[in-house]
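Residue strings, one per chain:
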Amino acid sequence: FRKTNQHKVVLLGESGVGKSCLALRFCKDEFTGYQEPTIGVSFLTKSMVINDTQIKLQIWDTAGQERYHSLTPMYIRNATAAVVVYDITKKETLEKAKDWIYQLLSQTSDVLIAIAGNKYDLTDVREVDKEEVKSYAEENRLIFYETSAKTGDGVVPLFSELANNLCMI
Ligand code: GDP
Ligand code: MG
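Rules used throughout
- Residues numbered from 1 in each chain as written.
- Chains lettered and ligands numbered in written order.
- Predicted model: local features only at pLDDT ≥ 70, side-chain atom pairs only at ≥ 80, totals over all residues.
- Heavy atoms only, no water.
- Helix = DSSP H or I, 4+ residues; strand = E, 2+ residues; numbered from the N terminus.
- Expected span 1.5 Å × (residues − 1).
- Buried < 20%, exposed > 50% of the residue type's maximum accessible area, 1.4 Å probe, protein only.
- Near = heavy atom within 4 Å.
- Polar contact = N/O pair within 3.5 Å; in protein donor to acceptor, adjacent residues only side chain to side chain.
- Nonpolar A, V, L, I, M, F, W, Y, C, P; charged D, E, K, R; others polar.
- Pairing = 2+ DSSP bridges.
- Axes fitted to C-alpha atoms, helices over the stretch in contact; angles between N-to-C directions.
- Contact = heavy atoms within 4.5 Å.

**Student:** With reference to specific residues and values, describe helix α5 (residues 155–167).
**Tutor:** For α5, spanning 13 residues, the distance from its first C-alpha to its last is 18 Å, which sits close to the expected 18 Å at 1.5 Å a residue. Within the sequence span of α5, burial applies to V155, L158, F159, S160, L162, A163 and L166.

The structure is reproduced here in structure tokens:
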């Protein structure tokens, strides 16, 4: 029996993939074309009800430190889940996402990991094949969704599946 149904979920991924926009879309259902780097607050919260149980997700966003490769271990400490984000229109952001996932898998055993291919609304100019990431996710037992922080597509399904899995821990 968990004393608290609150979970720390960290967002990881290269700068510009849409981490801050995803957090804002999920927690406040808003999208702003230009998302200021996080200042002051380090996370947004969102409550969900899963099987009659309330669960609170604390979505931790970076203040842009990923640009300088200086995310501290503090950021990941006590996280129960991580959402690693890439941009479907930029192949190199998938490689960076895989690096993060490799690090998470080798350093921790108890973090639930999801991979999100963001900017799904730009599918006309995609560089990353969905099926390729789907196989990679299956091999590594990761939750996988393509999302658009802009239109909201896939955002609730991603976090709902994450929350569902967290409830079973
Ligand atoms: P972060 O550095 O990973 O936090 O990325 P941001 O959330 O700051 O987003 C970077 C840029 O991508 C901004 O100009 C956003 O407007 C844009 N962006 C974020 N998500 C989407 C999306 O789903 N679709 C489109 N078209 N643009 C997005
Ligand atoms: Mg950001």
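**Student:** Describe the site of ligand 1, listing the residues and the values that go with them.
**Tutor:** Of all residues adjacent to ligand 1, which total 20 residues, the nearest are G16, K19, G33, D121 and A149. Separating an oxygen atom of ligand 1 from a backbone N or O atom of C21 is a distance of 2.9 Å. In this structure, N118 approaches ligand 1 through a side-chain N or O atom, which is 3.2 Å from a nitrogen atom. Looking at which element gives the most residues to the shell around ligand 1, the answer is helix α1 (residues 19–28), with three residues. Among the residues making up the shell around ligand 1, the classes are represented as five nonpolar, nine polar and six charged.

**Student:** Provide a residue-level description of the sheet that holds strand β1 (residues 6–12), including the pertinent values.
**Tutor:** Across the sheet, six strands lie side by side as β2-β3-β1-β4-β5-β6; this open sheet has mixed pairing. Since the sheet does not close on itself, it has two edges, and those belong to β2 (43–50) and β6 (143–146), each with one partner. Strand after strand, the sheet turns through a mean of 25° between neighbouring axes, direction not considered. Relative to strand β3 (residues 53–60), β2 runs antiparallel, the two sharing eight bridges. Within the sheet, the bridge partner assigned to L44 lies in β3 and is I59. Sheet strands in contact with α1 are β1, β2, β3, β4 (81–87) and β5 (112–118), and its direction is about 45° off that of β2. Docked against the sheet, helix α4 (residues 130–139) engages β4, β5 and β6, running at close to 165° with respect to β6.

Honestly, it's all geometry; don't read function into it.
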